[in-house]
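Chain and residue survey
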Amino acid sequence: IAAPPLCNPTGGTHCPYCAMQCAMRLVAKDGRLEVTPRDFPTSQGGLCRKGWTAADLFTADRPLTPLLRDRRDAPLRPATWEEALDHVVRGIGAAQAAGGADAVGVFGGGALTNEKAYALGKFARVGLGTCNIDYNGRFCMASAAAAGNRAFGLDRGLPFPLQDIPEAEAILIAGGNPAETLPVLLQYLEAQRQRGGQLIVADPRRTATAAMATLHLQLTPGSDAALANGLLHIAVRDRLLDEDFIAARTTGFPTARRAAAAWWPDRVERATGVPERQLVQAAHLLGEAATAMILTGRGPEQQRHGVANALGYINLALALGKAGRQACGWGTLTGQGNGQGGREHGQKADQLPGYRNLADPAHRAAVAAIWGVDPATLPGPGPSACELLDRCGAPDGIRALLVQGCNLLVAAPNTNRVRERLAALDMLVVADPFLSETAALADVVLPVAHWAEEAGTITNLEGRVLLRDRLVAPPPGVLTDLELLQEIAERLGRGKFFSADARDVFEELRRASAGGIADYAGITWERIVAEQGVFWPCPTPGHPGTPRPFQERFATPDGRARFHAVEQPLSAEPPDQEYPLLLTTGRVLAQYNSGTQTRRVQALLAADPEAFVEIHGETARGLGIAEGNMVRLVTRRGAAALRARLVRTIRLDTVFVPFHWGGLGNANLLTNAVLDPVSRIPEFKTCAVRVECMPPA
Ligand code: SF4
């Protein structure tokens with residue numbers, strides 16, 4: 001595919017990948033497009049390897065017409081848009097005629113722009129009338145979001161701008177590896193270190209981020225609540241608490257203290273594997289610092305008790321008085337590009353735009369009025385992502401599924417189960433720029449524009465709303481996601497409710513979010529450009545935006561943050577004789593999420609061409625495994641074939657597999673879809689596994 005001509009040479013965009021959303025523009029050079037960084041307060045001219053090579057996405061192989069399967073066992077063949085869309089609408093009609101409105105499901109993604117996330121939620125509820133919609137943010141940010149809402153009354157990934165990070169005297173990063181997942185964020189950690197700041201990293205692996213730290217707590221996967229409680233226990237014992245802050249700005253401390261009382265240091269050492277002296281050192285580094293931050297990543301969050309884990313770390317920040325003040329706070333390191341905005345505008349199973357509650361009559365009425373529909377016609381809350389997938393093809397379940405912006409066969413846990421459920425559908429429709437593993441399984445593939453081929457807004461990890469300009473035209477034969485939804489809605493007789501114009505959709509989103517928690521009413525595209533992004537909440541055009549929402553009060557009704565009693569539950573799947581090791585999953589620098597984009601960029605593929613398993617050299621020797629051997633990892637759900645990388649940087653009882661690949665190296669063939677009771681996030685981060693040698697090929 002030839003590089004497209006630039007249609008907006010002076011326009012600016014942001015990276016197609018992670019939540020740093022580094023600022024860039026495109027330049028034409030020697031018949032190619034190249035990325036060049038542009039000044040912006042967050043990325044400050046920085047780009048990582050993924051950002052620098054992003055323009056290669058324009059020339060990557062992709063479908064340029066819809067693809068259709070005449071029968072389940074027939075190959076995909078090119079089709080016209082008329083034919084494909086008519087097929088989709090017939091399939092929706094047949095499913096709903098047989099099983100009612102809820103027989104059609106919608107699955108969205110956390111990389112979709114705010115406008116797409118908004119339109120997709122509205123499409124499910126107004127276009128299809130189904131309760132069955134959720135998105136892949138359920139796999140990613142759901143625990144942190146639920147914990148933030150419970151403790152602070154507001155889910156804003158970082159409740160402070162990145163520029164505050166260097167001012168923190170101490171930072172604890174629990175289960176996050178920004179050196180590989182958010183590489184441009186490292187400049188802030190580097191600046192913090194240069195000012196004499198201390199960095200503590202809690203991670204079962206000595207990652208590139210842990211290698212930068214003053215102190216590395218190499219905990220057992222799944223033991224975060226014990227670690228957080230243990231640090232709180234030491235803070236109480238050693239009088240590190242900020243009693244004035246606790247009294248003035250929080251409620252519920254006695255319950256959290258009681259829960260932590262049972263976690264005396266030697267018990268925590270046994271539960272976490274972290275030596276007591278390191279626990280004491282960490283508690284004192286945080287407690288004695290004048291300013292400190294605690295940042296959690298997917299490590300503690302993607303667990304069966306991810307919400308409790310995040311609340312444990314929040315308890316610690318509150319007890320030490322390190323929240324709601326300058327250069328202090330608990331935050332979560334958002335992963336997906338629009339992981340924040342993607343969860344605010346209504347593509348979640350239980351949510352309406354503005355972070356409103358789908359079960360609340362007042363919220364339903366407010367949004368229904370904007371949409372011009374009777375609130376009684378809006379479906380109620382539906383199942384979360386994994387539960388939605390379980391309904392696919394089930395009796396009285398979902399018969400047709402539209403997937404937009406997610407590669408389920410790589411991203412969702414327990415791939416064998418997901419494949420079985422998708423295969424049981426009457427119709428699987430996948431809208432994607434590329435022929436992902438999930439698209440290759442579909443009955444209909446709808447090729448859509450991506451990234452700088454369309455305009456749209458994104459909300460970065462700090463809650464700053466950004467604008468991605470349209471810089472090139474999509475190839476002929478490709479629609480934008482908004483055009484696609486509008487076309488389907490038109491054929492369903494609901495076209496008047498939908499616009500294909502991103503700016504129109506944003507204007508409607510502003511109105512629909514007004515008065516909600518995530519209030520975008522005062523944010524305009526002009527302001528975003530002029531002010532280099534605007535932080536929500538921003539209720540009026542004259543409002544400056546809210547970079548630090550908790551400085552005066554928290555967003556709870558009484559303005560106080562809430563402590564929660566946190567227990568350390570048993571892991572869903574502890575190791576045993578049959579499966580003696582712990583598996584944890586994560587990311588590598590050169591790939592992004594399910595790899596649908598980055599595995600199509602040659603330079604990134606060359607850097608990390610295949611999945612692998614990282615295993616401690618001593619553990620490997622005991623199993624007769626040498627560097628580079630192919631090994632078989634087996635869990636109760638499936639098996640994966642992976643090349644062994646022997647390291648000394650991982651715990652002896654743990655193996656690590658990155659999750660960016662499909663096929664036999666797919667980490668999610670192994671993972672456990674057991675869910676957190678509150679956030680419904682699956683337990684990607686720990687399960688029991690066996691490693692077997694494989695005979696040479
Ligand atoms: Fe920046 Fe993330 Fe893109 Fe790298 S992948 S350039 S850190 S936005």
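Residues numbered from 1 in each chain as written. Predicted model: local features only at pLDDT ≥ 70, side-chain atom pairs only at ≥ 80, totals over all residues.

The protein chain is annotated in an unreviewed UniProt entry as Molybdopterin oxidoreductase family protein from Belnapia arida.

**Quick notes on the overall build of the protein chain**
Keep this limit in mind: A run of DSSP states H or I qualifies as a helix once it reaches four residues; a run of E qualifies as a strand once it reaches two. Both are numbered from the N-terminal end. We take the radius of gyration over the C-alpha atoms and set the globule estimate at 2.2 Å times the residue count to the 0.38 power. Counting other C-beta atoms within 10 Å of a residue's C-beta gives its exposure: the residue is buried at 20 or more, exposed at 12 or fewer, and partly exposed in between, where C-beta atoms are placed from the backbone.
What the protein chain contains, in helices and strands, is 23 helices and 30 strands. Compactness check: the protein chain gives a C-alpha radius of gyration of 24 Å against a globular reference of 26 Å for 697 residues, within 12% of the reference. The principal-axis extent of the C-alpha atoms belonging to the protein chain is close to 70 × 65 × 55 Å. For the protein chain, the proportion of its 697 residues judged to be buried stands at 60%.

**Examining the nonpolar core**
Spelled out, the test is: We define the nonpolar core as any set of buried residues of the types Ala, Val, Leu, Ile, Met, Phe, Trp, Tyr and Cys, connected via C-beta atoms lying within 7 Å of each other. Two residues form a contact once the distance between their C-beta atoms, set from the backbone, is within 7 Å.
By size, the foremost hydrophobic cluster in this structure holds 198 residues, and its most contacted members are F123, I200, L231, L316, L401 and V429. The greatest single-element share of this core, amounting to 10 residues, is contributed by helix α13 (residues 306-319). In contact with V429, other than residues within four places in its own chain, are V88, L401, L402, V403, A442, D443, V444 and L446. In terms of nonpolar packing, the next biggest core, distinct from the first, is built from 26 residues, L581, V613, C687 and A688 among them.

**A word on the site of the ligand**
Heads up, the rule is: Here, nearness means that the C-beta atom of a residue, built from backbone geometry, sits within 6 Å of the molecule or strand in question. The domain limits used here are those given by an automatic or database domain assignment.
The immediate surroundings of the ligand are formed by 14 residues, with C15, C18, C22, C48 and G51 found nearest. In this structure, the shell around the ligand is formed jointly by two domains, domain 1 (13-59) and domain 3 (142-333), each of which donates at least three residues.

**Remarks on the sheet that holds strand β16 (residues 400-404)**
Stated precisely, the cut-off is as follows: Each pair of strands is called paired provided DSSP finds at least two bridges between the two strands. Working convention: axes come from line fits to C-alpha atoms, limited for helices to the stretch in contact. Angles between N-to-C directions cover 0 to 180 degrees.
Spatially, the seven strands line up as an open sheet ordered β5-β4-β18-β17-β16-β6-β7, and their pairing is mixed. Only two strands of the sheet have a single neighbouring strand rather than two, namely β5 (76-78) and β7 (133-135). Each neighbouring strand pair of the sheet contributes to a mean axis angle of 20°, computed without reference to strand direction. Each of β6 (104-108), β7 and β16 touches helix α3 (residues 114-128); the most contacted strand, β6, lies at about 175° to it.

**Brief notes about the domain arrangement of the protein chain**
Test applied: Polarity classes work like this: nonpolar for Ala, Val, Leu, Ile, Met, Phe, Trp, Tyr, Cys and Pro, charged for Asp, Glu, Lys and Arg, and polar for all others, with Gly in that last group.
Domain boundaries assigned for the protein chain yield domain 1 (13-59), domain 2 (67-139 + 339-535), domain 3 (142-333) and domain 4 (581-693). Inter-centroid distance (C-alpha atoms) of domain 2 to domain 3 is 35 Å. Looking at side-chain class alone, the side of domain 2 that touches domain 3 contains two nonpolar, three polar and three charged residues.

**Some words on the packing of helix α7 (residues 224-237) against helix α10 (residues 265-272)**
Short version of the rule: In this scheme, roughly parallel covers angles under 35 degrees and roughly antiparallel covers those over 145, while 65 to 115 is roughly perpendicular and the rest are oblique. We call a crossing left-handed when the near helix sits turned anticlockwise from the far one by less than a right angle, and right-handed when that turn is clockwise.
Close contact between α7 and α10 brings their axes to 9 Å; oriented N to C, the two are set at 160°. One element, α7, and the other, α10, form an angle in the roughly antiparallel class. Read as a crossing pair, α7 and α10 show a hand that is left-handed. Along its contact with α7, which presents A226, L227, G230 and I234, the element α10 presents P265, V268, A271 and T272. In terms of residue class, the contact of α7 with α10 is made up of six nonpolar, two polar and no charged.

**Looking at helix α14 (residues 361-371)**
In plain terms, the rule: Summarising the geometry, the arc corresponds to the directions from the helix axis toward the C-beta atoms.
All of the buried residues in α14 are H363, R364, A366 and V367. Seen from one end, α14 has its buried residues packed into an arc of 165°, which puts them on one side. Of the exposed residues in α14, those oriented more than 90 degrees away from the buried face are P361 and A362. Buried residues in α14 make contact with β14 (351-352), β15 (356-357) and α20 (502-513).

**Quick word on the pairing of strand β8 (residues 170-174)**
Within β8, five of the five residues are buried, which leaves it mostly tucked inside the rest of the structure. The alternating pattern of β8 places A170, L172 and A174 on one face and I171 and I173 on the opposite face, and all of these are buried. Looking at chain direction, β8 and strand β9 (residues 198-202) are connected through five bridges and run parallel. Bridge assignment links I173 to a residue of β9, and that residue is V201. Sheet topology note: the β8/strand β12 (residues 292-296) ladder contains five bridges and is parallel.

**Some words on the sheet that holds β9**
Read from one edge of the open sheet, five strands run β10-β9-β8-β12-β13, paired in parallel fashion. Among the strands making up the open sheet, the edge pair consists of β10 (215-217) and β13 (329-332). Neighbouring strand axes in the sheet, compared pairwise and without regard to direction, differ in orientation by 15° on average. Against the sheet, helix α11 (residues 276-288) makes contact with β8, β9, β10 and β12, and its axis sits at roughly 125° relative to β10, the strand it touches most.

**Points about α10**
Those residues of α10 not exposed but buried are P265, V268 and T272. Angularly, the buried residues of α10 cover 55° about the axis, an arc narrow enough to put them on a single face. Close packing links the buried residues of α10 with α7 and α11. In the stretch just after α10, G273 is the one whose phi turns positive, near 80°.

**With respect to the UniProt feature "domain: 4Fe-4S Mo/W bis-MGD-type" (unreviewed entry) in the protein chain**
The condition is simple: UniProt positions are given in the numbering used here, feature names are shortened, and annotations may be inferred rather than shown by experiment.
As recorded in UniProt, the sites labelled "domain: 4Fe-4S Mo/W bis-MGD-type" (unreviewed entry) are residues 8-60. Along residues 8-60 the backbone is 8% helical and 28% strand, and the end-to-end C-alpha distance reaches 21 Å.

**Some words on the confidence of the model for the protein chain**
Inclusion rule: Looking at any residue, its pLDDT shows the predictor's confidence there, from 0 to 100.
With 100% of its residues at a pLDDT of 70 or more, the protein chain shows a mean pLDDT of 96. Prediction confidence for the complex, expressed as pTM and ipTM, is 0.96 and 1.00 respectively.

**Quick notes on the environment of L215**
Among the structural elements, L215 can be located in strand β10. What makes L215 partly exposed here is the crowd of 17 C-beta atoms within 10 Å. Residue contacts for L215: discarding those within four places in its chain leaves I200, Q278, Q281, A282 and L285.

**Details of the pairing of β16**
With respect to burial, β16 is a largely interior element, five of its five residues being buried. Neither face of β16 is open: one carries A400, L402 and Q404, the other L401 and V403, and all of them are buried. Alignment of β6 against β16, held across four bridges, turns out to be parallel. Bridge pairing links V104 to A400 in β16.

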